[in-house]
Amino acid sequence: EAGVAQSPRYKIIEKRQSVAFWCNPISGHATLYWYQQILGQGPKLLIQFQNNGVVDDSQLPKDRFSAERLKGVDSTLKIQPAKLEDSAVYLCASSSGGRAKNIQYFGAGTRLSVL
Amino acid sequence: QQPVQSPQAVILREGEDAVINCSSSKALYSVHWYRQKHGEAPVFLMILLKGGEQKGHEKISASFNEKKQQSSLYLTASQLSYSGTYFCGTDTFGNEKLTFGTGTRLTIIP
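Everything numeric in this text was worked out from a predicted model, so none of it was measured.

Peer 1: Please clarify how the pairing of strand β11 (residues 104-109) of chain B should be interpreted in this entry.
Peer 2: Side chains on a regular strand alternate between the two faces of the sheet. All names here are of chain B. Alternating residues of β11 divide into Thr104, Leu106 and Ile108, all buried, and Arg105, Thr107 and Ile109, none buried. When strand β2 (residues 9-13) meets β11, the two strands line up parallel, connected through 5 bridges. Its bridge partner lying in β11, Val10 is registered against Leu106.

See below:
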């Protein structure tokens with residue numbers, strides 16, 4: 001079974017530029033998550049999708065971050081404009097969804113450096 | 001609020017045992033444990049649910065004290081491959097929304 005795919009693996013941009021990350025979840029997984037992981041910290045949930053609907057985006061900085069999940073499969077996370085403090089690893093995870101004991105499977109992440 | 005993990009870091013010799021703790025200020029529905037190696041994705045280890053149900057890898061054991069809102073992960077006869085940072089993720093409402101802890105860095109030396 002293929003895992004969660006993310007691209008790109010690395011991205012370096014200058015502040016005030018825009019950037020987008022892409023995630024392809026495990027086939028059939030209804031729930032998709034985007035996390036931000038700052039160096040030395042645990043992942044922090046940014047947004048949770050159930051199929052193509054947003055379940056929770058309370059921690060997403062909506063003035064600069066946006067995310068969508070078209071057709072309930074792939075998802076993109078965008079930052080516009082980027083700030084220095086956005087430097088982090090952006091992790092995508094998916095689960096079969098609907099039950100609290102579902103396992104979240106993580107992708108390898110995109111490491112973003114904002115200069 | 002973020003769960004607190006202890007210790008923050010531990011160094012073991014191969015074959016020794018370790019306990020990693022996760023403590024929350026809120027009542028918990030479930031606790032999820034992950035291990036993350038540098039530059040890699042977090043890897044699932046175990047889920048512990050309210051009521052006693054557990055799901056995870058055979059070689060991993062853990063406990064969940066619902067009254068104290070604490071969970072512990074037990075690593076016995078540690079191997080070099082156990083090195084990494086361990087995170088607990090807590091679900092307060094059973095809605096699959098995890099809040100991850102501060103992490104415990106485990107280093108195993110030969």
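Peer 1: Just checking my understanding: could you explain the sheet that holds strand β7 (residues 61-65) of chain B for this structure?
Peer 2: Strand pairing in a sheet relies on backbone hydrogen bonds. The paired strands run either parallel or antiparallel. All names here are of chain B. On the basis of which strands lie adjacent, the open sheet formed by 4 strands has the order β1-β3-β8-β7 and antiparallel pairing. Two strands bound the open sheet, and with one partner strand each, they are β1 (4-6) and β7. Between one strand axis and the next, the sheet turns by 15 degrees as a mean value, whatever way the strands run. In this structure, β1 lies alongside strand β3 (residues 18-23), joined through 3 bridges in antiparallel fashion. If you follow Val4 over to β3, its bridge partner there is Ser23.

Peer 1: Teacher, can you tell me more about the environment of Val19 of chain A here?
Peer 2: Residue and element names in this part refer to chain A. Along the polypeptide, Val19 turns up in strand β3 (residues 19-24). Look at Val19 and you get buried, because its relative accessible area is 6%. Expressed as a C-alpha distance, the spacing of Val19 and Pro8, which sit 11 residues apart in the sequence, is 10 Å. Not counting chain neighbours up to four residues away, the residues in contact with Val19 comprise Lys11, Ile13, Leu77, Lys78, Ile79 and Leu112.

Peer 1: Help me out: how do you make sense of the side chain of Thr31 of chain A in this one?
Peer 2: Checked against the element boundaries, Thr31 of chain A lands in strand β4 (residues 31-37). Side chain to side chain, Thr31 of chain A and Gln50 of chain A meet in a polar contact 2.6 Å long.

Peer 1: Sorry if this is basic, but what is going on with the environment of Asn51 of chain A here?
Peer 2: Residues and elements named next belong to chain A. Note on placement: Asn51 falls in the loop between β5 (44-50) and β6 (53-56). We classify Asn51 as partly exposed; its relative accessible area is 40%. Sequence spacing of Asn51 and Arg69 is 18 residues, and the spatial spacing of their C-alpha atoms is 7.7 Å. Those residues in contact with Asn51 that sit more than four places away from it in its chain are Ala30, Arg69 and Gly72.

Peer 1: Can you help me understand the interface of chain A and chain B in this one?
Peer 2: Where the parts come together, the accessible area they lose is often given as the size of the interface. Each partner contributes residues to the interface: chain A has 28 residues there, and chain B has 23 residues. Both faces combined, the contact of chain A with chain B buries some 1900 Å², and carbon together with sulfur accounts for 52% of it. Between the two partners, chain A and chain B, sit 1 salt bridge. Elements supplying a minimum of two residues to the side of chain A that touches chain B: β4, β5 and β9 (88-95) of chain A. With 4 residues, the top contributor of residues to the side of chain A that touches chain B is β4 of chain A. Grouping the constituent residues of the side of chain A that touches chain B by class yields 9 nonpolar, 14 polar and 5 charged.

Peer 1: I tried to follow the sheet that holds strand β1 (residues 5-7) of chain A on my own but got confused; where do I start?
Peer 2: Residues and elements named next belong to chain A. Taken in spatial order, the 4 strands of this open sheet run β1-β3-β8-β7, and their pairing is antiparallel. Two strands close off the open sheet at either side, each with one partner strand: β1 and β7 (65-68). Across the sheet, the axes of successive neighbouring strands diverge by a mean angle of 15 degrees, strand direction being ignored. Summarising the sheet, β1 and β3 pair through 3 bridges and their orientation is antiparallel.

Thresholds, definitions, all that
- Residues numbered from 1 in each chain as written.
- Chains lettered and ligands numbered in written order.
- Predicted model: local features only at pLDDT ≥ 70, side-chain atom pairs only at ≥ 80, totals over all residues.
- Heavy atoms only, no water.
- Buried < 20%, exposed > 50% of the residue type's maximum accessible area, 1.4 Å probe, protein only.
- Helix = DSSP H or I, 4+ residues; strand = E, 2+ residues; numbered from the N terminus.
- Pairing = 2+ DSSP bridges.
- Axes fitted to C-alpha atoms, helices over the stretch in contact; angles between N-to-C directions.
- Contact = heavy atoms within 4.5 Å.
- Polar contact = N/O pair within 3.5 Å; in protein donor to acceptor, adjacent residues only side chain to side chain.
- Buried area = accessible area lost by both parts, 1.4 Å probe.
- Salt bridge = Lys/Arg side-chain N within 4 Å of Asp/Glu carboxyl O.
- Nonpolar A, V, L, I, M, F, W, Y, C, P; charged D, E, K, R; others polar.

Everything listed here is a matter of geometry and, on its own, says nothing about what the molecule does.
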